[in-house]
Amino acid sequence: MADVPKRDLVSIDDLSTEEILELFHHAEEFRQNLHEWSDLCRGAIMATLFFEPSTRTRLSFESAMLRLGGGVISAADPQTTSSAKGESLADTVRVVGGSYADILVVRHPEDGAARVAARYARVPVINGGDGAHEHPTQTLCDLYTLWKEKGRLQGLEVVLCGDLRYSRTIHSFCYALARFGANIVTMPYPGFELPEYVLLRLKRDFGVQTATAAVDELPGIASGANTAAYLTAHKPHQLALFTNLTNVEVNRIDAIYMTRAQRERHEGQSTLDYPRLTRRTLGAAAAKDASIMHPLPRVDEIDYEVDDDPRSIYFRQAELGVPMRMALMAFLLGKVQLRASGPATQATGRGIAGGAGLRCRNERCITNGEGVRYLEREFRLRSQDHAAMLCCSYCERELEVRYVGHAQTRACHRFDSPGARAIKVQQRVYFENEAQAEAAGFTVSGE
Amino acid sequence: MADVPKRDLVSIDDLSTEEILELFHHAEEFRQNLHEWSDLCRGAIMATLFFEPSTRTRLSFESAMLRLGGGVISAADPQTTSSAKGESLADTVRVVGGSYADILVVRHPEDGAARVAARYARVPVINGGDGAHEHPTQTLCDLYTLWKEKGRLQGLEVVLCGDLRYSRTIHSFCYALARFGANIVTMPYPGFELPEYVLLRLKRDFGVQTATAAVDELPGIASGANTAAYLTAHKPHQLALFTNLTNVEVNRIDAIYMTRAQRERHEGQSTLDYPRLTRRTLGAAAAKDASIMHPLPRVDEIDYEVDDDPRSIYFRQAELGVPMRMALMAFLLGKVQLRASGPATQATGRGIAGGAGLRCRNERCITNGEGVRYLEREFRLRSQDHAAMLCCSYCERELEVRYVGHAQTRACHRFDSPGARAIKVQQRVYFENEAQAEAAGFTVSGE
Amino acid sequence: MADVPKRDLVSIDDLSTEEILELFHHAEEFRQNLHEWSDLCRGAIMATLFFEPSTRTRLSFESAMLRLGGGVISAADPQTTSSAKGESLADTVRVVGGSYADILVVRHPEDGAARVAARYARVPVINGGDGAHEHPTQTLCDLYTLWKEKGRLQGLEVVLCGDLRYSRTIHSFCYALARFGANIVTMPYPGFELPEYVLLRLKRDFGVQTATAAVDELPGIASGANTAAYLTAHKPHQLALFTNLTNVEVNRIDAIYMTRAQRERHEGQSTLDYPRLTRRTLGAAAAKDASIMHPLPRVDEIDYEVDDDPRSIYFRQAELGVPMRMALMAFLLGKVQLRASGPATQATGRGIAGGAGLRCRNERCITNGEGVRYLEREFRLRSQDHAAMLCCSYCERELEVRYVGHAQTRACHRFDSPGARAIKVQQRVYFENEAQAEAAGFTVSGE
């Protein structure tokens, strides 16, 4: 393969905004004649390692690779994989990403698994969905579809509807919409709102402001009684300056993104009265120009009679997945060069070791799952103030640390105290609270 | 792909008799050097969507596509498919038959599923077996083997033996034999006779006459005590004119087609004393020139010691499946043109909507299964007399309607009454019986 | 495909020592640029028939075939194969090895299954692991890795550690090490020693002598208290002549081959205190130049912290599997010619029919499993003295026969008696003991 430094796509943040836009243009080229590229990656092999079922994602990747002229090997059944014999993900990707394959697509039930794969494999790794963490190629395809349909992303009004809690697709999509300057209207199924950590990150990383949204009646998915939220990136030239952001009126919607109830992630919770988009929804004035999107598979949250409406673009969305993934893989395999630079801060860099007491609070994080056997806990500093906000290097779940200890003296101080500031960075050991520090044998200063 | 109008192979009726014969000649070309065709379909992708297991059929298709130089993507495990998340077949084929693949092979447990797939997919669909409905490529391969072995199909004497009830292979094969003018001798395992609807269709569509067959002793599969049936197409130049068709003597058999007990379809029913073809069977005078066929997999209805007999052609039959499927796919992908015209009446045309009360009587029909959510019931008129014979547009199960109502006036009449005849075709609503009409709010005239 | 006589790789004995060394050189060529061979086997199709799960082996073969430019069809889930419908292995390989594929890789839970496949398939068959019998490509890869690392095999000191009882990998490796003149130090997990029949064969076929080994302390895997065995081929120019072989001191180890507990083969037996190779093991003087090998998947018998040690070559070992398998398949497909001759006695030749009473004593042998339906028991003569040692032609399990009967007279004699010697070879019927002979209706002479 070409001699380019290895790049992975674990999180959508692994690509810069400019790179993403450039990839859209390459995807357009691939799309225009899907059958003309069968020499581009001839000789390359993609392995799909799916530790959790997903036909659609797997087939989309496999089709993309075949259309590029490459070969495909696939381990898609968790029951027949080496992991059934107790093998770790790290070992699997070291073997398969050795001589077997030139690029890996990994899907795994544990949050952060894709980052583990990327670290251990010698070849590029694409995250095909890791637990509730991210599913970045779905996000790329969604953005590409919207960009192609509307000609831009900046300033679009995008309604997200349904299960916003357990859908990793939705979370990745939110960050990406904020990054490209689109506005988000959340219409969650009650009890399935966007998680707090997503909101926090939207605020911190993209300056997103939240307001109550007064949305026109959208039969089946929103009534006047519903309290929708409006999320908009806080930039000087945008409406934030001109509008009272306590209540935004949404009269014109550019896209409605429906999502199914992720039943496999919340067994036991009822989904009675789950929103259902019908012809009546499309009849609403606000939906006049709304593209209807869905990551598929659909269960019954969109009526079949809506399929023929020209605004329904969910099958088109799936269709665009192939050229988008062709562009991505051709790029990662060094067959397509981008002029744009990569992201400023690579999420792949090594972070702060977990040290004495820190542990990712996300119980579904791979560091609390199969990684316990071999992974060192690791965190990155996201922000600091009177406390520091760290995030797990794998699953990106955030963690507030309020105490800093000195690795040698084992004296421990509040984060914002002079004693803490006096500890050199290399000697710092972080703790969430006093109890944790004491359990690790540190003496907390009363300072 | 080439710009030909889309063709599907859901039922063997989707190909004209002339097209089938022409495909045999193409299959011969492919067969003569399997390894020389790897540029013909380069760039094309076939998806195998198998909602029910079948290694043999899947591998045969996949081999055929690879030998044509194309690529293969495969969803073969019902447990790991999107359907496990509740996705409909219609959605799956719209996605996979969008940009993912250029041709689909679908196997599904519900009768009529392949027609649904063909209607929703944008690309050609091949039926790889849909419930108890059809398995047309098996039929094509069987016919091709017999044609190649005997040099013709017309006038052959073909014995069908074993489970004739639940084997879709047998049903398709019967229609095809009748169509090509071969004669059928049925030797069912008692209780597993050809279903009545197969006999009815043979009679109506191909003028097949039934007689008792006096077959020479065939140890293991037929004794004088057995009552075999003889089915022959009623054509003026054939034996029907010359023979008393109440009892046909069969002294020379061209082929014996054995079939295994389809245990997965009739759990509970014992298959003790199931027929077993052995060397003794082959020793019978009537079997002297009989080719032994079997769709495979065999369980033990053919003895292993028969394998080496030159008349045993069941492994050859499997072998011919690859070039036959190459010919079919090259045709459907527009890489091979046929001079012959397609069938006169396309089974793909839209039929009579189900309307008020009609419902396919086949409980395993997809319109009574997963299709309930999104399919409109639909029927085609097969024949009419004092009643009309409709058949389900999906599973082709027939249904007799004896009443016709008027969509507006809601007055209902016997099918053969003047009142019925007065109703315009567009306003007709059909019912099987009075009760059904009344349940739908129609008033049945005493006329 | 090229017109070479069919060769299979069922047992490592199916290749001569010279052929193996020549294949190593071809593997080196493939390895040096994995991406340059995609025209060598273009048009060829490999089928992987895996009746028992194994991702690693399957993916390695599939990658090798794709890198050679061929295609792959795969039946990897025992639940969805025709065997679930009751099809025999013999039938499956006759179909798939007919027109579907040009080479087969078979993995099967029953001992001897690969030989059955090789006999029935028309195309070359590679054993991908058959029960506890053999896994010859793993052995080839292990030898290749060791040869590449150490520059030779002759005279190396190789420690085998862990479950030596149930690991077919270990058994094949032992025979091969003995054949190439390497010395073996066995350090089994107590209760999981090399089986007696492996030791017997090592002795008989390779003149291997056994001694107690005094091994330097190897923390985690061997202490002074452990009793290791030393196995060395008895050749005049070797240490056997110079050393008292009751106790060999092992101070320098060339390789430690760890193996996981084959839990799927010995459920119920505890593996507490299973050996665990750690940094401390590598710190031992005797391990200074020891390459650490493992067939993978690893569970936790090698610490993750050992991975980065340059002596750890287990991931390299997996990596070399692809070029090694490329060389093997290119050879079997006739695309690479070897100058060396094949093995003198082909294990594929027909042997002694089972006759009256003989039955393979290995309950997991395919002749006692699915083969009961269609296989004739068959044995080969391994040696003879006062009794004859036969081995099952399929699983190679040995069987001592002490009586010989006359097929016509049905008189039976002790094997080493004049009466026995008087019976012509073609008329001999073998029995393990008197009871067996009598049960078969023979009269045992008191001679």
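Source: prediction; values computed, not measured.

Colleague: Describe in detail the packing of helix α5 (residues 136-150) of chain B against helix α6 (residues 168-179) of chain B, supporting the description with residues and values.
Modeller: Residues and elements named next belong to chain B. Their axes nearest at 9 Å, the elements α5 and α6 cross at an angle of 50°. Taken as axis vectors, α5 and α6 run oblique relative to one another. In the packing of α5 onto α6, the handedness of the crossing is right-handed. Side by side, α5 and α6 meet where Q138, T139, D142, L143 and L146 of the first sit next to T169, S172, F173, A176 and L177 of the second. Across the contact of α5 with α6, the residue classes tally to 5 nonpolar, 4 polar and 1 charged.

Colleague: Give a detailed account of the interface of chain C and chain A, specifying residues and quantitative values.
Modeller: On the chain A side, the residues contacting the 29 residues of chain C number 30 residues. For the chain C and chain A pair, buried surface summed over both sides reaches about 2600 Å², with 53% attributable to carbon and sulfur atoms. Counting across the chain C and chain A interface gives 5 salt bridges. Between R122(A) and E319(C) there is a salt bridge; the shortest N-O distance is 3.2 Å. Put simply, chain C and chain A have 13 residue pairs in polar contact (both at pLDDT 80 or more) between them. Where the side of chain C that touches chain A is concerned, the elements lending two or more residues are α2 (55-67) and α9 (314-332) of chain C. Sorting elements by how many residues they give to the side of chain C that touches chain A places α2(C) first, with 9 residues. Of the residues in the side of chain C that touches chain A, the class split is 12 nonpolar, 5 polar and 12 charged.

Colleague: Which residues make up the side chain of S63(C), and what values do they have?
Modeller: Its location among the elements puts S63(C) in helix α2. A residue is classified by how much of its surface remains accessible, and S63(C), at 0% relative accessible area, is buried. In contact with S63(C), not counting residues within four places along its chain, are I45(A), I73(A), S99(A), Y100(A) and V322(C).

Colleague: Hey, could you go over the sheet that holds strand β4 (residues 125-130) of chain B for me, with residue numbers and the actual values?
Modeller: All names here are of chain B. Within the open sheet, the 4 strands sit side by side as β2-β1-β3-β4. Their pairing is parallel. Each having just a single partner strand, β2 (71-75) and β4 make up the two edges of the open sheet. With direction set aside, neighbouring strand axes in the sheet form an average angle of 15°. As paired strands, strand β3 (residues 103-108) and β4 are joined by 4 bridges and run parallel to one another. By the bridge assignment for β4, V106 is matched with N127.

Colleague: Describe the domain arrangement of chain A, listing the residues and the values that go with them.
Modeller: Residues and elements named next belong to chain A. What the domain assignment lists for chain A is domain 1 (12-136 + 319-332), domain 2 (139-311) and domain 3 (352-444). With 29 residues of domain 1 in contact, the opposing surface of domain 2 contributes 21 residues. Taking both partners together, domain 1 and domain 2 bury about 2300 Å²; carbon and sulfur atoms supply 60% of that area. Our enumeration of links across domain 1 and domain 2 arrives at 3 salt bridges. Here D13 and R179 are joined by a salt bridge, their closest N and O atoms 3.5 Å apart.

Colleague: Tell me about the pairing of strand β9 (residues 247-250) of chain C, residues and numbers included.
Modeller: On a regular strand, one side chain projects to one face of the sheet and the next to the other, so that they alternate. All names here are of chain C. Here β9 shows one buried face, formed by V248 and V250, and one open face, formed by N247 and E249. Note: strand β7 (residues 208-215) against β9, 4 bridges, orientation parallel. Note that in β9 the partner of V215 across the bridge is V250.

Colleague: A description of α6(B) should follow, citing residues and the corresponding values.
Modeller: Residues and elements named next belong to chain B. Helix length check: α6 (12 residues) gives 17 Å between terminal C-alpha atoms against 16 Å at 1.5 Å per residue, within 8%. α6 sits mainly inside the fold: 12 of its 12 residues count as buried. Residues of α6 that are buried: R168, T169, I170, H171, S172, F173, C174, Y175, A176, L177, A178 and R179.

Colleague: Quick one: what's the story with the relation of the copies chain C and chain A, residue by residue and with numbers?
Modeller: Mapping chain C onto chain A leaves a residual RMSD of 0.1 Å; the transformation is a rotation of 120° accompanied by 0.0 Å of translation along its axis. Such values leave the two copies arranged in the relation of a three-fold axis. Different-surface contact between copies: only 7% of interface residues of chain C are shared with the interface of chain A.

Colleague: Tell me about the interface of chain A and chain B, and please be specific about residues and values.
Modeller: Contacts between the two partners involve 29 residues from chain A and, on the opposite side, 30 residues from chain B. Both faces considered, chain A and chain B share a buried interface measuring about 2600 Å² in area, 53% of it formed by carbon and sulfur atoms. Interface area lost by chain A to chain B is led by R56(A), L59(A) and Y304(A), which between them contribute 22%. Where chain A meets chain B, there are 5 salt bridges. As a salt-bridge pair, R56(A) and E87(B) come within 2.2 Å of each other at their nearest N and O atoms. In this assembly, chain A and chain B are joined by 13 residue pairs in polar contact (both at pLDDT 80 or more). Looking at the side of chain A that touches chain B, the elements with two or more residues in it are α2 (55-67) and α9 (314-332) of chain A. For the side of chain A that touches chain B, the element with the highest residue contribution is α2(A), accounting for 9 residues. Its residues assigned to classes, the side of chain A that touches chain B shows 12 nonpolar, 5 polar and 12 charged.

Colleague: I'd like a description of helix α3 (residues 89-100) of chain A, backed by residues and values.
Modeller: The terminal C-alpha atoms of α3(A) lie 15 Å apart, and with 12 residues this matches the ideal 16 Å at 1.5 Å per residue to within 8%. Among the 12 residues of α3(A), 12 are classified as buried, and the element is accordingly described as predominantly covered.

Colleague: Could you give an account of the pattern of salt bridges, naming the residues involved and the relevant values?
Modeller: Once the charged atoms of two side chains with opposite charge are near each other, the side chains can pair. Applying the stated criterion across every chain yields a total of 96 salt bridges over all chains. Ionic pairing is found between R31(C) and E28(C), a salt bridge with its closest N-O pair at 3.2 Å. Residue R31(C) and its partner E28(C) are both found in helix α1 (residues 17-32); the two are separated by 3 residues, about one turn of the helix. Look at E28(C) and you get buried, because its relative accessible area is 14%. Across the salt bridge formed by R298(C) and D307(C), the nearest N and O atoms sit 2.8 Å from each other. A residue is classified by how much of its surface remains accessible, and R298(C), at 1% relative accessible area, is buried. Where salt bridges share partners, they join D13(A), R179(A), R201(A), R204(A), D205(A), R382(A), E396(A) and E398(A) into one cluster.

Colleague: For the environment of G112(B), give the residues involved together with the corresponding values.
Modeller: Residues and elements named next belong to chain B. Along the chain, G112 falls in the loop between β3 and α4 (113-120). Looking at G112, the relative accessible area reads 0%, which means it is buried. Note: C-alpha distance between G112 and C395 (283 residues apart in sequence) is 3.9 Å. Setting aside residues up to four positions removed in sequence, G112 forms contacts with D130, H133, I366, Y394 and C395.

What counts as what
Residues numbered from 1 in each chain as written. Chains lettered and ligands numbered in written order. Predicted model: local features only at pLDDT ≥ 70, side-chain atom pairs only at ≥ 80, totals over all residues. Heavy atoms only, no water. Axes fitted to C-alpha atoms, helices over the stretch in contact; angles between N-to-C directions. Helix = DSSP H or I, 4+ residues; strand = E, 2+ residues; numbered from the N terminus. Parallel < 35°, antiparallel > 145°, perpendicular 65-115°, else oblique. Left-handed = near helix turned anticlockwise from the far one by under 90°. Contact = heavy atoms within 4.5 Å. Nonpolar A, V, L, I, M, F, W, Y, C, P; charged D, E, K, R; others polar. Buried area = accessible area lost by both parts, 1.4 Å probe. Salt bridge = Lys/Arg side-chain N within 4 Å of Asp/Glu carboxyl O. Polar contact = N/O pair within 3.5 Å; in protein donor to acceptor, adjacent residues only side chain to side chain. Buried < 20%, exposed > 50% of the residue type's maximum accessible area, 1.4 Å probe, protein only. Pairing = 2+ DSSP bridges. Domains from an automatic or database assignment. Expected span 1.5 Å × (residues − 1). Least-squares fit on C-alpha atoms with pLDDT ≥ 70 in both.

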